[in-house]
Amino acid sequence: MVQAPTPHLAQILVFPIKSLDGVSLPAVKVLESGALRGDREFVIVDGDGNYVNGKRHAAVHRLRSTFDLKARMVALRLEGSTETVHFHLEGDRVALEAWLSEYFGFSVRLLQNLEVGFPDDTRSPGPTVISTATLSAVADWFPGLSLEAIRRRFRTNLEIGGTEPFWEDGLFGEADTTLPFQVGEVRFEGVNPCQRCVVVTRDATSGQADPGFQKVFVTNRKKHLPAWAPTSRFNHFFRLAVNTRIPPSTTPGLLRTGNTVRLL
């Protein structure tokens, strides 16, 4: 008899500067807020304090970034260019802001929040969760897009292996309820399916729009929604991955790839 695979944490991704590229980590600390340490720790804002992100500025997609989190360094270049500039995230803040301002064509600042970062859903600041099988299934809906291309578009923190597609739809219940689950020794609450925006309809490296992406996605998301998923949480089907938080009594801990994932 073949034993069924055990759901496990297959990949951890954090995005140190909101809207820029992510970093794959073997382990990460969960903060008291429920956020992952280093995830969306910084955000770029304009002179009015508005986020400079993919929703407002497609030019964000053409910025390539790599991070050395231990050294607190970021390397930036433009897509298609080999010219790279390096900045210390704290020590070179003025120079980094000047470089970004020149790139975008207007003045920007970099804000920092070490406690919770800058999540899209401030009521559910925990990591977003999806399964590898889900990302693979979505990639199959779009001939010409690879698993990695879909992963880059949806920018999810915790990727779960050893499951069926859309397994994570079992991490949330009806409205005003949460469902508990555990990754390693850390307990989370699944809150709701994550509402997507225009960002996922664009090529993640060029920003080029794909006008048919949303229609194809919505049609297939509705078609492949598991029969047991709470349909009341889908006022529309442009939703994928799960928003989370940690219970008030949870002790922050460490997540490692390979951790077992259990529904409670």
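Residues numbered from 1 in each chain as written. Predicted model: local features only at pLDDT ≥ 70, side-chain atom pairs only at ≥ 80, totals over all residues. Heavy atoms only, no water.

Caption draft 1: Spatial organisation of the packing of aromatic side chains. Applying the stated criterion to the full structure yields 14 aromatic pairs. With centroids separated by 6.3 Å and ring planes inclined at 15°, the aromatic side chains of Phe-213 and Phe-217 adopt a geometry described as stacked. On the criterion of helical spacing, the pair formed by Phe-213 and Phe-217 is a turn pair, its members being four residues apart in helix H4 (residues 213–223). Relative to Phe-237, the ring of Phe-234 lies with its centre 5.5 Å away and its plane at 15°, an arrangement referred to as stacked. For the pair shown, Phe-234 and Phe-237 are each scored as buried. (Phe/Tyr/Trp six-rings, centres within 6.5 Å; stacked < 30°, edge-to-face > 60°. Helix = DSSP H or I, 4+ residues; strand = E, 2+ residues; numbered from the N terminus. Buried < 20%, exposed > 50% of the residue type's maximum accessible area, 1.4 Å probe, protein only.)

Caption draft 2: Representation of H4. Taken together, the buried positions of H4 are occupied by Phe-213, Phe-217, Asn-220 and Arg-221. The buried side chains of H4 occupy one side of the element, clustering within an arc of 105° when seen end-on. Turned more than 90 degrees from where H4 packs its buried face, Lys-215, Lys-222 and Lys-223 sit exposed. Where H4 is buried, its residues meet helix H2 (132–140), helix H3 (147–154) and strand E13 (239–245). (Arc of directions from axis to C-beta. Contact = heavy atoms within 4.5 Å.)

Caption draft 3: Summary view of the pairing of strand E1 (residues 8–14). Counting buried positions along E1 yields five of seven residues, so the element is predominantly enclosed. Pairing of E1 with strand E10 (residues 158–161), which is carried by four bridges, proceeds in the antiparallel orientation. Paired with Ile-12 across the strands is Leu-158, a residue of E10. Here E1 pairs with strand E2 (residues 23–25) via three bridges, running antiparallel. Among the inter-strand pairings, Leu-13 is bridged to a residue of E2, identified as Ser-24. (Pairing = 2+ DSSP bridges.)

Caption draft 4: Representation of the pairing of strand E12 (residues 186–195) in the model. Judged by how many residues are buried, E12 sits mostly within the fold: eight of ten residues are covered. Where strand E11 (residues 179–183) and E12 come together, five bridges link them in antiparallel fashion. In the sheet register, Val-183 faces E12, and the bridge partner there is Val-186. Linking E11 to E12, which pair antiparallel, is a turn of two residues; within it Gly-184 sits at a positive phi near 65°. As defined by bridge partners, E12 adjoins E13 across five bridges and the pair is classed as antiparallel. Bridging across to E13, Pro-193 finds its partner in Val-242.

Caption draft 5: Broad picture of the sheet that holds strand E5 (residues 63–68). Reading across the sheet, the three strands line up as E5-E6-E7 and stay open at both edges, with antiparallel pairing between neighbours. For this open sheet the edge positions go to E5 and strand E7 (85–88), each flanked by a neighbour on one side alone. Pairwise comparison of adjacent strand axes, ignoring direction, gives a mean angle of 25° for this sheet. The pairing of strand E6 (residues 73–78) with E7 spans four bridges and is antiparallel. Bridge assignment links Met-73 to a residue of E7, and that residue is His-88. Sitting on the sheet, helix H1 (residues 93–104) is in contact with E5, E6 and E7, with an inclination near 20° to E6. (Axes fitted to C-alpha atoms, helices over the stretch in contact; angles between N-to-C directions.)

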